[in-house]
Amino acid sequence: MAAKDSPLKQFEIDTISNIEIGNYNLSFTNSSFAMLLTVLIITLFLTLTVNTRSIIPTRMQLISELMYNFIAQLLNDTVGDNGKKYFPFVFSLFMFVLIGNMVGMIPYQFTFTSHIIVTFALAAVVFIGVTILGFINHGIKFFSLFVIPGVPFYMHPLLIPIEVISYLSRPISLSVRLFANMLAGHTLLKVFAGFVVSMPFFTGVFPLAFIVALTGLEILIAFLQAYVFAILTCLYINDAYHLH
Amino acid sequence: MPQLNPEFFVSQLFWLAVFFSFLLIFLWRVSLPRISLVLEKRQRKIDENLSSAKMLQEQAQEIESNINNKISKAKQDADEKIKKAISSLQSDVSTKLSTLDEELEIKISNSEKEILKSKESQMKNIDNEIANITKITVSKITNLSISESEIEQAIKTRKGLLS
């Protein structure tokens, strides 16, 4: 397969306008454009649909309210009353990942959540934020997060390193989960799209039908991964409040 | 794999930071307060309606109990009035019956007396008639003239025999 037909071609970044500040390449790329599109969709939708502020909501307003209540409920269920402060952050994170994934489902549109650097940055913000929050809330006692209560003392030398490693791997698992899901889904779509072109006669209909089904699955995954990202963020925030 | 090409890492991080912070601040300051305002407004409205409904229900219950009280009171009143009427009617009837009895007794005794009187007078007349008839029949049959005193005597003796 030639390089230009590679299923990974879709993940390549193209510069739209070249910007360089100092030694850094800050070019506005198709990835940046997808982010811009995502942010515009979210802000415009959430602002315009609630513009009338009517007590009896229109259909579009209801969608905004449902999203609001969905994340508010999620945060309330996992963190409780302490979670209200982090609602804007969790909501922004959820919407950014969700709409970013959805924008990626538009044909020829770039999927910025399929780039590990983007998902890792988001996960790192969550990880660093939660760690700082834990130290603010508990001080040095935050380290007792690694000590599992009710375990025989001789097990601690084994368990504490495991706990520390699992804590430190949080941003990696959080980012790789989203990145890998997006990468795999979009690659699979492209592979089957290649089959549609290369198969003889009408047999290309079968992979096409598969692509249609897979698109539905991808939309489900787009939502699911955003949800998982948000709920894990909520759980980490909860850990920063309640050690065990 | 283009994801591992560090050429655009800085650019992506930069634009991610720009757009995500814009999104966060915009949602935090503009969009979410609007939605929460609408939700609160709706909740308030619902609460108001619920409380007013509760109040109305309480009022309705009060009115209902008032009506029930009035109905039971009216029933009691009616019962009492009926009892009173019955007892007064009974006493009325008994007094009227007793006066009627008395009047009737007086009338009965009066008429008994009258009957007795008329019977006596009739009896007297009958005696006279008997005397006359006797006188006439005796004179027609025997040509004997009998004095009235004799006839009376005879009747009296007859009566004495009969009685």
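The rules behind each value
Residues numbered from 1 in each chain as written. Chains lettered and ligands numbered in written order. Predicted model: local features only at pLDDT ≥ 70, side-chain atom pairs only at ≥ 80, totals over all residues. Contact = placed C-beta atoms within 7 Å. Helix = DSSP H or I, 4+ residues; strand = E, 2+ residues; numbered from the N terminus. Nonpolar A, V, L, I, M, F, W, Y, C, P; charged D, E, K, R; others polar. Axes fitted to C-alpha atoms, helices over the stretch in contact; angles between N-to-C directions. Parallel < 35°, antiparallel > 145°, perpendicular 65-115°, else oblique. Left-handed = near helix turned anticlockwise from the far one by under 90°.

J.: Quick rundown of the interface of chain A and chain B? Include the residues and the values.
T.: Contacts between the two partners involve 34 residues from chain A and, on the opposite side, 31 residues from chain B. Sorting the residues of the side of chain A that touches chain B by element identifies β3 (24–25), α1 (30–48), α2 (59–78), α3 (87–104) and α4 (116–138) of chain A as the ones contributing at least two each. Considering each element in turn, the side of chain A that touches chain B owes the most residues, nine residues, to α1(A). In terms of residue class, the side of chain A that touches chain B is made up of 21 nonpolar, 10 polar and three charged.

J.: Can you break down unusual backbone geometry residue by residue, with the values?
T.: Residue and element names in this part refer to chain A. Positive phi is not limited to glycine here, since Arg 53 has a value of about 50°. Structurally, the position occupied by Arg 53 is in the loop between α1 and α2. In this structure, Tyr 108 is a non-glycine residue whose phi angle is positive, near 70°. Here Tyr 108 shows up in the loop between α3 and α4.

J.: So, the packing of α4(A) against helix α1 (residues 9–142) of chain B: which residues are in play, and what are the values?
T.: Direction vectors running N to C along α4(A) and α1(B) enclose 45°, while the axes themselves pass 9 Å from each other. It follows from the interaxial angle that α4(A) and α1(B) lie oblique. The chirality of how α4(A) crosses α1(B) is right-handed. In this structure, α4(A) uses A:Ile117, A:Val118 and A:Ala121 to contact α1(B), whose residues at the interface are B:Phe9, B:Gln12, B:Leu13 and B:Leu16. Residue composition of the contact of α4(A) with α1(B), by class: six nonpolar, one polar and no charged.

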